[in-house]
Amino acid sequence: MNRLFSVGELFTIPDGTRVSPFLNPFDVNEKELPLSLFSGMSITAGELDPRAESAIHFHPIVAQVTWVIEGQLVVKMKEEGQEDAYRLDVNPQEAVLTKPCTFFQLINPSSTSVVRVLYIVSPAYVFDAEG
């Protein structure tokens, strides 16, 4: 396959962050990819504005790796069966794994800088951009 993939226009999702899915056969940006090519994973670019916080949420089925490209990210997580949440400070070129059914929140603590991340999710998700 002789082609480049790039991040398109970002849009806001229900957790309050902005994303641009760019390597997933189910996403609007890459309809021509065969469904079997990336059925095991999805890659999405994301951004959090200064002082932005995602809603606290969880993914019931998928595991998510959040790889910080630029900026500093705080991830608060509470795993199934744990009494207390914990905090991870994630720097550029570091990643955090969020297992299925783990409550988590992404926070940009900076008052001036955008945080740019890659989300690598397995298994691949289906995202309906309509509405």
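Everything below is about the structure printed above this text.
Residues numbered from 1 in each chain as written. Predicted model: local features only at pLDDT ≥ 70, side-chain atom pairs only at ≥ 80, totals over all residues. Heavy atoms only, no water.

> Break down the overall build of the protein for me, citing the residues and quoting the values.
Each helix and strand counted, the protein has zero helices and nine strands in total. When the helices and strands of the protein are placed in sequence order, the string is β-β-β-β-β-β-β-β-β. Counting across all 131 residues of the protein, residues that qualify as buried make up 37%. (Helix = DSSP H or I, 4+ residues; strand = E, 2+ residues; numbered from the N terminus. Buried < 20%, exposed > 50% of the residue type's maximum accessible area, 1.4 Å probe, protein only.)

> Explain the pairing of strand E9 (residues 115-122) residue by residue, including any values.
Burial along E9 is one-sided: the face carrying Val-115, Val-117, Tyr-119 and Val-121 is buried and the face carrying Arg-116, Leu-118, Ile-120 and Ser-122 is not. Relative to E9, strand E3 (residues 42-48) runs antiparallel, the two being bridged by seven bridges. Residue pairing in the sheet places Glu-47 in a bridge with Arg-116 of E9. In the sheet, strand E4 (residues 63-70) pairs with E9 via seven bridges, with the strands oriented antiparallel. Bridged to Ala-63 within E9 is Ser-122. (Pairing = 2+ DSSP bridges.)

> Give me the sheet that holds strand E2 (residues 18-23): which residues, what numbers.
Overall, antiparallel pairing links the six strands, which are arranged E1-E2-E3-E9-E4-E7 in an open sheet. At either end of the open sheet lies a strand with only one pairing partner, and these are strand E1 (11-12) and strand E7 (95-98). In terms of strand pairing, E4 meets E7 through four bridges, oriented antiparallel. Across the sheet, Thr-66 pairs through a bridge with Val-96, a residue of E7.

> Can you explain the pattern of salt bridges? Please cite residues and give values.
By the definition in use, this model includes six salt bridges. Between Arg-18 and Asp-49 there is a salt bridge, and its shortest N-O distance comes to 2.7 Å. One end of the pair, Arg-18, is in strand E2; the other, Asp-49, is in the loop between E3 and E4, and 31 residues separate them in sequence. What makes Asp-49 partly exposed here is its relative accessible area of 35%. The salt bridge partner of Glu-70 is Arg-116, with a shortest N-O separation of 3.0 Å. A residue pair is termed long-range when its members are at least 10 positions apart, and Glu-70 in strand E4 and Arg-116 in strand E9 qualify at 46 residues. Note on Glu-70: relative accessible area 40%, which makes it partly exposed. One salt-bridge network, held together by shared partners, links Arg-18, Glu-47, Asp-49, Glu-70 and Arg-116. (Salt bridge = Lys/Arg side-chain N within 4 Å of Asp/Glu carboxyl O.)

> I'd like a description of the nonpolar core, backed by residues and values.
Counting 16 residues, the largest nonpolar core has Leu-48, Leu-73, Val-75, Val-90, Leu-106, Val-117 and Tyr-119 as the members making the most contacts within it. Contributing elements (two or more residues each) for this core: strand E5 (73-78), strand E8 (103-107) and E9. (Core = buried A, V, L, I, M, F, W, Y, C linked by side-chain atoms within 4.5 Å.)

Everything listed here is a matter of coordinates, which is why it stays silent on function.
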